[in-house]
Amino acid sequence: MNRPEAVFGSNVAVWVNRTGRTVTIKPKQYKDPETGQWKNAAGYNVSDIAHLAHCLMMALTHCIEKRNEETKAAETNEGGGGDGGGGGGGGGGELPF
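Notes on the structure in this doc start here.

**Remarks on the nonpolar core**
Within the largest apolar cluster, eight residues are counted, these being Ala 6, Phe 8, Val 12, Val 14, Leu 52, Cys 55, Ala 59 and Cys 63. Counting only elements with at least two residues in this core, the list comes to β1 (6-8), β2 (12-17) and α1 (46-77). The greatest single-element share of this core, amounting to four residues, is contributed by α1. Filtering out sequence-adjacent residues up to four positions away, Val 12 remains in contact with Ala 6, Val 7, Val 23, Thr 24, Leu 52, Cys 55, Leu 56 and Ala 59.

This is the structure we're talking about:
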């Protein structure tokens, strides 16, 4: 079974697949008082949103950092090296998409 590349909180995971990275959000769960079974909630409480947003931001940051690392490794493997003054703009902190 595949495992996520990274997990943030208990609800957000980053997965690597053949087309890139995917972020999934696990539904909030609750225990049905009548049956004792765990069920998926239809949504999140307002009090959960800040935590969920924080986890999503961490997942986005993770994906951007990984893409930057992969781009840098690919450029190094291509022998681009040199003075780093080539075209394309570039500096740290730019979003790679």
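**Here we look at the sheet that holds β1**
Within the open sheet, the three strands sit side by side as β1-β2-β3. Their pairing is antiparallel. Either end of the sheet is taken by a strand with one partner, and the two such strands are β1 and β3 (20-25). Averaged over all pairs of adjacent strands, the angle between strand axes in this sheet comes to 20°, irrespective of strand direction. Relative to β3, β2 runs antiparallel, the two sharing six bridges. What sits directly across from Asn 17, in β3, is Gly 20. α1 rests against β1, β2 and β3 of the sheet, and its axis sits at about 170° to β3.

Rules of the game
Counting of residues starts from 1 at the beginning of each chain's written sequence and follows it residue by residue. Where totals are concerned, whole chains, interfaces and linings use all residues; where local detail is concerned, this predicted model gives features only for residues with pLDDT of at least 70, and gives and counts side-chain atom pairs only at 80 or more. Calculation of side-chain values draws on the structure's entire complement of heavy atoms; hydrogens and water are dropped beforehand. Side-chain atoms within 4.5 Å are what join buried Ala, Val, Leu, Ile, Met, Phe, Trp, Tyr and Cys residues into a set we call a nonpolar core. Buried residues are those whose accessible area, probed at 1.4 Å on protein chains only, stays under 20% of the maximum for their type, while exposed residues exceed 50% and partly exposed ones sit between those limits. For the purposes of this entry, the term helix denotes a DSSP run of H or I that reaches at least four residues, the term strand denotes a run of E that reaches at least two, and both are numbered from the N terminus. Pairs of residues are marked as contacts when any of their non-hydrogen atoms sit within 4.5 Å. Whether two strands pair comes down to DSSP finding at least two bridges between them. Only the stretch in contact is used when a helix axis is fitted, and all axes are lines through C-alpha atoms; the angle between N-to-C directions ranges over 0 to 180 degrees.

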